[in-house]
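# Secondary and tertiary structure notes
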Amino acid sequence: MLREQLEDIEIKLLLEGIYRYYGFDFRNYALASLKRRIWNVIQTEGLTSISGLQEKVLHHPEYMERFLYALSVNVTTMFRDPSFFLTFRKKVVPFLRTYPFIRIWHAGCSTGEEVYSMAILLHEEGLYHRCRLYATDINDMVLRKAKTGIYPLNLMQGYTQNYLQAGGKKSFSEYYTAAYNNAIFSSYLKENMIFSQHNLATDNSFNEFHIILCRNVLIYFNQSLQHRVHNLFYESHVKFGILGLGRQETLKFTPHEQDYEELEGGEKLYRRIR
């Protein structure tokens, strides 16, 4: 029991130090998953304690960059949960056709696979030329990777299956060029993308959006931080704007549960109604 208490104290000191020195706020992340990732970093770096990790990240910025990469969850794929994108085509695209210009926010975009997926979908629906995709993440390292639009070639077979199940209308290979072991996605897909650092725990709204997608991010936050983020999204939505969440995420028991209606059961796509 004393050891657990000491560990909790060390974690609080580590997160408080990072917040005060670097401005990154992990203090309201879900503690159980946070502990696992912190100990993974400690083992990877050959350290023995959380206090030892604190000394490294506060005195050596290169450690902080690696720590930030490890702490932010960067698990994503193209057309992840294909039925979500299929429902987006059927239910959301007709709504988007009514707007002369469309702003979409991918919050917590990680390495960008879902941003490129959305660009492809909008291109096929004849809407991409009037869209602006804002892709944000806390982690500058993953944003740099996302900007390149380059992904391992060996992932393309799985991505192709997802694309087809999501209602893809072409051959998926038309969207990238194979070079050595990489797939380089076509430059025209990047034309309407803006990648920028944004911290959901501390930063405010920066525009009004017709679509906000934040999938498989909120599950790593505690209830207090989840409520903050839902307030942020609500403030950032145009009326009748669409919110997309991950499979294990929900609007139930949030401050804005009554302000949205679900478009289709199970797909976690919601329309703001008030």
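A short tour of the structure in this document, coming up. (Residues numbered from 1 in each chain as written. Predicted model: local features only at pLDDT ≥ 70, side-chain atom pairs only at ≥ 80, totals over all residues. Heavy atoms only, no water.)

Quick look at the overall build of the chain now. For the chain, the count of helices and strands is 9 helices and 10 strands. Expected size for 274 residues packed as a compact globule is a radius of gyration near 19 Å; at 20 Å, the chain falls within 12% of this value. Considering only C-alpha atoms, the chain reaches an extent of 60 × 50 × 30 Å along its principal axes. Classification of the 274 residues of the chain by burial places 50% in the buried group. Contacts in the chain between residues at least 24 apart in sequence constitute 75% of all its contacts with a sequence separation of at least 6. Surface summary for the chain: the accessible area is close to 13000 Å², and the carbon and sulfur share equals 50%. (Helix = DSSP H or I, 4+ residues; strand = E, 2+ residues; numbered from the N terminus. Rg over C-alpha atoms; globule rule 2.2 N^0.38 Å. Buried < 20%, exposed > 50% of the residue type's maximum accessible area, 1.4 Å probe, protein only. Contact = heavy atoms within 4.5 Å. Areas by Shrake-Rupley, 256 points an atom, 1.4 Å probe, with all protein chains shown as cover.)

One can describe the packing of helix 3 (residues 50-59) onto helix 4 (residues 61-71) by two numbers: an axis separation of 5 Å at closest approach and a directional angle of 115°. Taken together, the axes of helix 3 and helix 4 are roughly perpendicular relative to one another. On helix 4, the residues touching Leu-53, Lys-56, Val-57 and His-59 of helix 3 are Pro-61, Tyr-63, Met-64 and Phe-67. Its residues assigned to classes, the contact of helix 3 with helix 4 comprises 6 nonpolar, 1 polar and 1 charged. (Axes fitted to C-alpha atoms, helices over the stretch in contact; angles between N-to-C directions. Parallel < 35°, antiparallel > 145°, perpendicular 65-115°, else oblique. Nonpolar A, V, L, I, M, F, W, Y, C, P; charged D, E, K, R; others polar.)

Let's shift gears to the pattern of salt bridges. Evaluation of the coordinates by the stated rule reveals 19 salt bridges. A salt bridge links Glu-65 to Arg-144, with the shortest nitrogen-to-oxygen separation between them at 2.9 Å. You can see Glu-65 sitting in helix 4 and its partner Arg-144 sitting in helix 7 (residues 140-148), a full 79 residues away along the chain. Look at Arg-144 and you get partly exposed, because its relative accessible area is 40%. Of the charged contacts, one joins Glu-125 and Arg-97 as a salt bridge, the two residues approaching to 3.0 Å between their closest N and O atoms. With Glu-125 in the loop between helix 6 (113-124) and strand 2 (131-137) and Arg-97 in the loop between helix 5 (82-96) and strand 1 (102-107), this pair connects stretches of sequence that are 28 residues apart. (Salt bridge = Lys/Arg side-chain N within 4 Å of Asp/Glu carboxyl O.)

On to the sheet that holds strand 4 (residues 176-179), then. The antiparallel open sheet is built from 3 strands, whose spatial order is 3-5-4. The open sheet is flanked by strand 3 (150-152) and strand 4, the only strands paired with a single partner. Across this sheet, the average inter-strand angle for adjacent strands is 30°, counted without regard to direction. Pairing of strand 3 with strand 5 (residues 182-185) involves 3 bridges; the strand directions are antiparallel. Note on strand 5: the bridge partner recorded for Ile-150 is Ile-184. (Pairing = 2+ DSSP bridges.)

This brings us to the nonpolar core. Grouped together as the largest cluster of nonpolar side chains are 44 residues, with contacts concentrated most on Leu-122, Leu-133, Phe-172 and Phe-185. Contacts of Leu-122, omitting those with residues within four sequence positions, involve Leu-96, Ile-104, Leu-127, Tyr-128, Cys-131 and Leu-133. Counting 42 residues, the second-largest nonpolar core is a separate cluster that includes Leu-15, Phe-24, Leu-53 and Leu-232. (Core = buried A, V, L, I, M, F, W, Y, C linked by side-chain atoms within 4.5 Å.)

Under the 1.5 Å per step criterion, the end-to-end length of helix 5 is 20 Å for 15 residues, consistent within 8% with the ideal 21 Å. Arg-89 marks where helix 5 bends most, by close to 40°. Taken together, the buried positions of helix 5 are Pro-82, Phe-84, Phe-85, Thr-87, Phe-88, Arg-89, Val-92, Val-93, Phe-95 and Leu-96. Residues of helix 5 that are buried in the fold lie against strand 1, helix 6, helix 8 (156-165), strand 7 (209-214), strand 8 (237-245) and strand 10 (269-272). (Expected span 1.5 Å × (residues − 1). Bend = angle between axes of the 7 residues up to and from the residue.)

What follows concerns the side chain of His-256. Its place among the elements puts His-256 in the loop between strand 8 and strand 9 (260-262). The exposure class of His-256 is buried, given its relative accessible area of 9%. Reaching out from His-256, the side chain makes a polar contact with the side chain of Asn-231 at a distance of 2.7 Å. Excluding residues that lie within four positions of it along the chain, His-256 makes contacts with His-230, Asn-231 and Tyr-234. (Polar contact = N/O pair within 3.5 Å; in protein donor to acceptor, adjacent residues only side chain to side chain.)

Before going further, it helps to examine unusual backbone geometry. A positive phi angle, near 55°, is found at Tyr-180, a position not held by glycine. A positive phi angle, close to 65°, is found at Phe-253, a residue other than glycine. With respect to the element layout, Phe-253 can be found in the loop between strand 8 and strand 9.

Look at helix 1 (residues 2-22): 30 Å from first C-alpha to last across 21 residues, which is about the 30 Å you get at 1.5 Å a residue. Within helix 1, burial applies to Glu-7, Glu-10, Ile-11, Leu-14, Leu-15, Gly-17 and Ile-18. Mapping the buried residues of helix 1 onto a view down its axis gives an arc of 160°, with all of them on the same face. Seen from the buried face of helix 1, the exposed residues on the opposite side, beyond 90 degrees, are Leu-2, Lys-12, Leu-13 and Arg-20. (Arc of directions from axis to C-beta.)

Inspection of the entire model under this criterion finds 24 aromatic pairs. Seen from their ring centres, Tyr-134 and Phe-209 are 5.5 Å apart, and the 80° between their planes marks the pair as edge-to-face. Remark: Phe-209 occurs in strand 7 and Tyr-134 occurs in strand 2; sequence separation between them is 75 residues. Look at Tyr-134 and you get buried, because its relative accessible area is 15%. When its relative accessible area of 0% is taken as the criterion, Phe-209 is described as buried. Ring centres 5.2 Å apart and planes at 70° place the aromatic pair Phe-206 and Phe-209 in the edge-to-face group. Of note, Arg-215 hangs over the ring of Phe-84, and the distance from its end group to the ring centre comes to 3.9 Å. The positively charged end of Arg-272 is found above the aromatic ring belonging to Tyr-234, 3.9 Å away from the centroid. (Phe/Tyr/Trp six-rings, centres within 6.5 Å; stacked < 30°, edge-to-face > 60°. Lys NZ or Arg CZ within 6 Å of the ring centre and 35° of its normal.)

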